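So you can see what is in the structure, the chains are spelled out below.
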Amino acid sequence: MTYPGGKNAAGAYQRIINYMPPHATYVEAFLGSGAVLRNKRPADRNIGIDLSAEALALCLDLAAGNTSHLSLIEDDALALLPVLKTMLDDRRLIDRPDTLIYADPPYVMDTRKGGALYDHEMTDADHERLLATLRSARCMVMISGYRSPLYDAALTGWHRIDYKAQTRQGLADESLWLNFRPPLELHDYGHLGADYRERERIRRKRRRWADKIAGMDRLERLAVMDALKAAGGAE
C-alpha cells in the first residue's frame, strides 16, 4: 500500500491524472488510500488492487460513497495483473489497448531514506517480476517510483517525467514512467495545471465559459460549439 501522505500530497495525484490519456478500463495496482483512483474521473470500469485490507477500507472510507463502477480487490497485484479479466470479455485487461494500468509499488528499498514504510514490502526480485509484466503489456501503463539502476535499465525507451514530491522525509525526486508519449488528449481535465494557483485559474475559466454557453439559446450555443470543434481540428 502507499504510505499515508504519499499520493495525497498536494499536487502529486493531480500531476499523475494530468498524464492519463482516455481509457475505458482503469486498473490501479498497489492502491494504498487510492488518492489517484478517488480523484480522477471514473472510467467505464475501475479496479483497485492491494494486499492490505486496511488500505482498501481506507480507500472506501475516503471515497465517501462515490464508488460507482468501482471494484476493490484484496490480492497480490504481482500475481493478478497478468491474468485479470472482466466478466464481459475473455481477453486479459493487460492485453486491451483501452486499458490504463497505473502502478505505485513500494519503492526500491535502496532508493529510500526512511527504510520500511509499507505493510507489504517488495524485494528487488519482486520489482523485476512486476517490470517484466508491465513491459510485456499491450495496454497503456504508468509507473511511479524513484529512479534506480533497476528501473532505469528495465524501462529504457519509456517516457519519464521527473518532479519533486513531498514525503515524510521532505521533498524527494520522484519519477513517472509512461509506455506511451505524453497524451495530446486527457481522460480528465478537472485537475489541469502545474500547481494550485494554475489549477484554480483554469477551473474558474471553465466555469465562466460553461455558464456563458449554458445561457445562450440553442442555435447560438451550437454555433459556438461548432467553432470550438473547428479550432480543435486545426491543431
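Small disclaimer: the values here were computed from a predicted structure and weren't measured.

1. Observations concerning the side chain of aspartate 104
With respect to the helices and strands, aspartate 104 occurs in the loop between strand S4 (99-103) and helix H5 (124-135). At a separation of 3.1 Å, a polar atom in the side chain of aspartate 104 contacts the side chain of tyrosine 107.

2. Some points on the pattern of salt bridges
According to the stated counting rule, one finds seven salt bridges in the structure shown. Aspartate 152 is the salt-bridge partner of arginine 147, the closest N and O atoms lying 2.9 Å from each other. Of the residues examined, aspartate 152 reaches a relative accessible area of 27% and is grouped as partly exposed. Note that lysine 164 is salt-bridged to aspartate 173, the shortest N-O span being 2.6 Å. On the basis of relative accessibility, which here comes to 52%, the residue lysine 164 falls in the exposed class.

3. Examining H5
Under the 1.5 Å per step criterion, the end-to-end length of H5 is 16 Å for twelve residues, consistent within 8% with the ideal 16 Å. Three or more residues of H5 are buried, namely His127, Leu130, Leu131, Thr133 and Leu134. Buried residues of H5 fall within an arc of 160° about the axis and therefore sit on the same side. Buried residues along H5 sit in contact with helix H4 (77-80), S4, strand S5 (140-145) and helix H6 (149-154).

About the criteria used
Residues numbered from 1 in each chain as written. Predicted model: local features only at pLDDT ≥ 70, side-chain atom pairs only at ≥ 80, totals over all residues. Heavy atoms only, no water. Helix = DSSP H or I, 4+ residues; strand = E, 2+ residues; numbered from the N terminus. Polar contact = N/O pair within 3.5 Å; in protein donor to acceptor, adjacent residues only side chain to side chain. Salt bridge = Lys/Arg side-chain N within 4 Å of Asp/Glu carboxyl O. Buried < 20%, exposed > 50% of the residue type's maximum accessible area, 1.4 Å probe, protein only. Expected span 1.5 Å × (residues − 1). Arc of directions from axis to C-beta. Contact = heavy atoms within 4.5 Å.

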